[in-house]
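# Observations on the three-dimensional arrangement
Here is what each chain is made of, one letter per residue.
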Amino acid sequence: MIDTIKELKLKSRTANKKELQVIDLQMEKLAHENPKAFSEAMLACLEESNQKADELILKQKLEEVLPIISVSYLAKNYFKKTPQWFYQRLNGNSVNGKEAHFTNNELQILSLALKEIGQKLSVSANLIV
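These remarks concern the structure in this document. Here the structure is a predicted model, which means the values were calculated and not measured. (Residues numbered from 1 in each chain as written. Predicted model: local features only at pLDDT ≥ 70, side-chain atom pairs only at ≥ 80, totals over all residues. Heavy atoms only, no water.)

### Observations concerning the overall build of the chain
Put simply, the rule reads: In DSSP terms, a helix is any run of H or I states spanning at least four residues, a strand is any run of E spanning at least two, and both are numbered starting from the N terminus. Values of the radius of gyration come from C-alpha atoms, whereas the globule rule sets the reference at 2.2 Å times the count of residues to the power 0.38. With a 1.4 Å probe rolled over the protein chains alone, any residue whose accessible area is under 20% of its type maximum counts as buried; one over 50% counts as exposed, and the rest are partly exposed. In what follows, a contact means two residues having at least one pair of non-hydrogen atoms within 4.5 Å. All accessibility values rest on the Shrake-Rupley procedure with a 1.4 Å probe; residue burial counts only the protein chains present in the view.
When its secondary structure is counted, the chain shows six helices and two strands. Tracing the chain from N to C terminus, the helices and strands come up as α-α-α-α-α-β-β-α. On C-alpha atoms alone, the chain measures out to a radius of gyration of 21 Å, which is more than a quarter above the 14 Å that the 2.2 N^0.38 rule sets for 129 residues. Considered along the principal axes of its C-alpha atoms, the chain spans approximately 70 × 30 × 20 Å. Counting only residues that meet the buried cut, the chain has 23% of its 129 residues in that class. Look at the contacts in the chain between residues 6 or more apart in sequence, and 55% of them connect residues 24 or more apart. As displayed, the chain has an accessible area near 9,600 Å², and 55% of this comes from carbon and sulfur atoms.

Next up, the structure:
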């Protein structure tokens, strides 16, 4: 059922008013056929949408910072990974058939890394003047 709902969701993005009405009827039909499976599928879609929204928010938050600092340095020194690994997670790229995401632990490491780099920059700035 989740695949059907995802397909309808995708169609709704470009649908006109009449097509949206047809999609609504199909969704209602699915909901009446198996309410439990429908609600579980809708919840899964909602969680997926939230994950994508969180990724976009993270990208926006890092938009000003990433051009300034070295992603290579971040990936190597804080994650022991490559810059490609970092960008795969930042962009939600498909890796081995699955979307790559930062774990909560990795997000905490990233936050601490940025704070540490900020402190280093601040100390360096104070040494100049």
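### Brief notes about the nonpolar core
Soluble globular proteins tend to pack their nonpolar side chains together in the buried interior. Here is the rule we go by: Joining through side-chain atoms within 4.5 Å is the link that ties buried Ala, Val, Leu, Ile, Met, Phe, Trp, Tyr and Cys residues into a set, and such a set is a nonpolar core.
Ranked by internal contacts, the top residues of the largest apolar core, which has 16 residues, are Leu66, Leu74, Phe86, Leu90 and Leu110. Among the elements of the structure, helix H3 (35-62), helix H4 (71-79), helix H5 (83-91) and helix H6 (104-128) are those that each provide at least two residues to this core. Residue contributions to this core peak at five residues, all from H4. In this view, Leu66 contacts Val71, Leu74, Phe86 and Leu90; residues no more than four positions away in its chain are not counted.

### What to know about the packing of H4 against H5
The condition that has to hold: To get an axis, a line is fitted to the C-alpha atoms, and for a helix only the part in contact is used. The angle between two axes follows their N-to-C directions and goes from 0 to 180 degrees. Just so you know how the angles are binned, under 35 degrees is roughly parallel, over 145 roughly antiparallel, 65 to 115 roughly perpendicular, and the rest oblique. Ten residue types, Ala, Val, Leu, Ile, Met, Phe, Trp, Tyr, Cys and Pro, are classed as nonpolar, four, Asp, Glu, Lys and Arg, as charged, and the remainder, Gly among them, as polar.
Remark: H4 packs on H5, axes separated minimally by 8 Å, with the N-to-C direction vectors making an angle of 100°. Relative to H5, the element H4 lies roughly perpendicular. Here Val71, Ser72, Leu74, Ala75 and Phe79 of H4 lie close against H5, whose contacting residues are Pro83, Trp85, Phe86 and Tyr87. The residue makeup of the contact of H4 with H5, split by class, is eight nonpolar, one polar and no charged.

### A short note on the packing of helix H1 (residues 2-12) against helix H2 (residues 17-33)
Short version of the rule: Crossing handedness is defined as follows: a turn of the near helix away from the far one that is anticlockwise and smaller than a right angle gives a left-handed crossing, while the clockwise case is right-handed.
At a closest axis distance of 10 Å, the pairing of H1 and H2 adopts a crossing angle of 165°. On the basis of their axis angle, the class for H1 and H2 is roughly antiparallel. H1 and H2 meet at a crossing whose hand is left-handed. Here Thr4, Ile5, Leu8, Lys11 and Ser12 of H1 come into contact with H2, specifically with Leu20, Ile23, Gln26, Met27 and Leu30. Grouping the amino acids of the contact of H1 with H2 by side-chain chemistry returns six nonpolar, three polar and one charged.

### Here's the deal with the side chain of Arg89
Heads up, the condition is: Charge convention: Lys and Arg are scored as positive, Asp and Glu as negative, and His as well as the terminal groups of each chain are ignored. For salt bridges, the criterion is a side-chain nitrogen of Lys or Arg within 4 Å of an Asp or Glu carboxyl oxygen.
If you trace the backbone, Arg89 turns up in helix H5. Comment: no salt bridge for buried Arg89; closest opposite-charge side chain is Glu106, at 4.5 Å. If we skip the residues at most four places from it in the chain, Arg89 touches Ala100, His101, Phe102 and Glu106.

### Some remarks on the environment of Met1
In this fold, Met1 is placed in the segment before H1. Accessibility expressed as a relative area gives 33% for Met1, which makes it partly exposed. Each C-alpha atom of the pair Met1 and Glu40 lies 9.2 Å from the other, and the pair is 39 residues apart in sequence. With residues up to four places along the chain from it excluded, the contact list for Met1 reads Leu30, Asn34, Ala37, Phe38 and Ala41.

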